[in-house]
Amino acid sequence: MDQAVNPEQAGEAAKNTPDQARPRYLLVMTATIIPAASAGVKRADPSLRLEDYKQALRYWLLYEHPAAERILLLENSGANLDELRLIADTENPHRKPVEILSVPGNEIPAGSNYGYTEMQMLDEGLAMSQLRQQTTHMVKVTGRLIFPSIGKALDRIGQPITLMVECRKLGFPRRGFDASTQLFVCSHEFYDRVLRDSKKEMNSTDVRLLEHLIFRKVIPFKGQPRVYLRFPINIDPVGYSGFKSRSYNSLGGAITRSIRALLRIVAPAYWF
């Protein structure tokens, strides 16, 4: 079972870590302003989605933690990105380095879903990024959402990590396991070695969703040093689900978060 270190030990470890050994994070926001017709998302209005991305970018520009020290926003529908670039230029009080890149192509192959284009966007966008060359780790976030607790979670672990992702046991009516893809953290080396070009493994049966793919790719590393397949604390998203266009702050979402937080304490091995 993956264990987080004591917060006091984590703080002491951070103090004793040489600067060159500390992770340099790149917050990677994935964005699709104009979703493909086959994506099957209810939050499909481009103007509404653009506002989501604008609000999230503003939040991360103000986020005072190394997790968002540098920001890369990738967009794959060919939409106009001028408003986002204007925010990065004029609403950036900490003068964080920001790249906003258009990555061609959001067509979903037959037998797959929008997760394929998500990975394609990461593969191509990360290869294009200049900021990636200046960093060691990426914090991948669904670009319309914010995760206020990500900094606290990284501080709780308190040491350079290889991978941090939330793996889950699926309840009724679904079966099996998956991994949340709204947020994960990994070293650039891990991404290139394990996740890059893995979209080709997606199919219409057992690896249909991106959540299935990521779980399959990371579960072999369970128990290895610096690999965390559960977040050390709950990291709840803020924003709207793209699939249902429902706020994560709804009553149902609050109940789900409370149950997960309780299980993390009383039954930490449940997910495995």
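Everything below is about the structure shown above.
Criteria and cut-off values
Residues numbered from 1 in each chain as written. Predicted model: local features only at pLDDT ≥ 70, side-chain atom pairs only at ≥ 80, totals over all residues. Heavy atoms only, no water. Phe/Tyr/Trp six-rings, centres within 6.5 Å; stacked < 30°, edge-to-face > 60°. Buried < 20%, exposed > 50% of the residue type's maximum accessible area, 1.4 Å probe, protein only. Helix = DSSP H or I, 4+ residues; strand = E, 2+ residues; numbered from the N terminus. Pairing = 2+ DSSP bridges. Contact = heavy atoms within 4.5 Å. Axes fitted to C-alpha atoms, helices over the stretch in contact; angles between N-to-C directions. Core = buried A, V, L, I, M, F, W, Y, C linked by side-chain atoms within 4.5 Å.

Description of the packing of aromatic side chains
Aromatic ring pairs are defined here through the distance separating the ring centres and the angle between the ring planes.
For step 1, the next point in the chain: A complete count under the given rule lists 5 aromatic pairs for this structure.
For step 2, the next point in the chain: With a centroid separation of 5.2 Å and 80° between ring planes, the pair formed by Tyr59 and Trp60 is classed as edge-to-face.
For step 3, the next point in the chain: For Trp60, a relative accessible area of 0% translates into the label buried.
For step 4, the next point in the chain: Relative to Phe215, the ring of Phe177 lies with its centre 5.7 Å away and its plane at 10°, an arrangement referred to as stacked. Of the two residues, Phe177 is situated in strand β6 (residues 177-187) and Phe215 in helix α7 (residues 210-218); the sequence distance between them amounts to 38 residues.

Section: the sheet that holds strand β2 (residues 71-75)
The strands making up a sheet associate through backbone hydrogen bonding, with each pair oriented either parallel or antiparallel.
For step 1, the next point in the chain: Taken together, 7 strands build an open sheet; the order of strands is β3-β2-β1-β4-β6-β5-β7 and the sheet is mixed. If you trace the sheet from one side to the other, it starts and ends with β3 (98-102) and β7 (227-228), each paired once.
For step 2, the next point in the chain: Across the sheet, helix α2 (residues 46-62) is in contact with β1 (25-31), β2, β3 and β4 (137-142); its angle to β1 comes to roughly 170°.

Points about the nonpolar core
For step 1, the next point in the chain: Membership of the largest hydrophobic core comes to 39 residues, with the highest contact counts inside it found for Met29, Trp60, Leu84, Val139, Ile150, Met164 and Ile235.
For step 2, the next point in the chain: Of all the secondary-structure elements, those providing two or more residues to this core are β1, α2, β2, α3 (82-90), β4, α5 (150-157) and β6.
For step 3, the next point in the chain: Looking at this core element by element, the count peaks at 6 residues for α2.
For step 4, the next point in the chain: Beyond its immediate stretch of four places on either side in the chain, Met29 contacts Tyr53, Ala56, Leu57, Trp60, Ile71, Leu72, Leu73, Leu74, Val141 and Gly143.
For step 5, the next point in the chain: Formed by 33 residues, the second largest nonpolar core is a distinct cluster that contains Leu26, Tyr116, Leu163 and Leu195.

These values are about where atoms sit, not about what they do.
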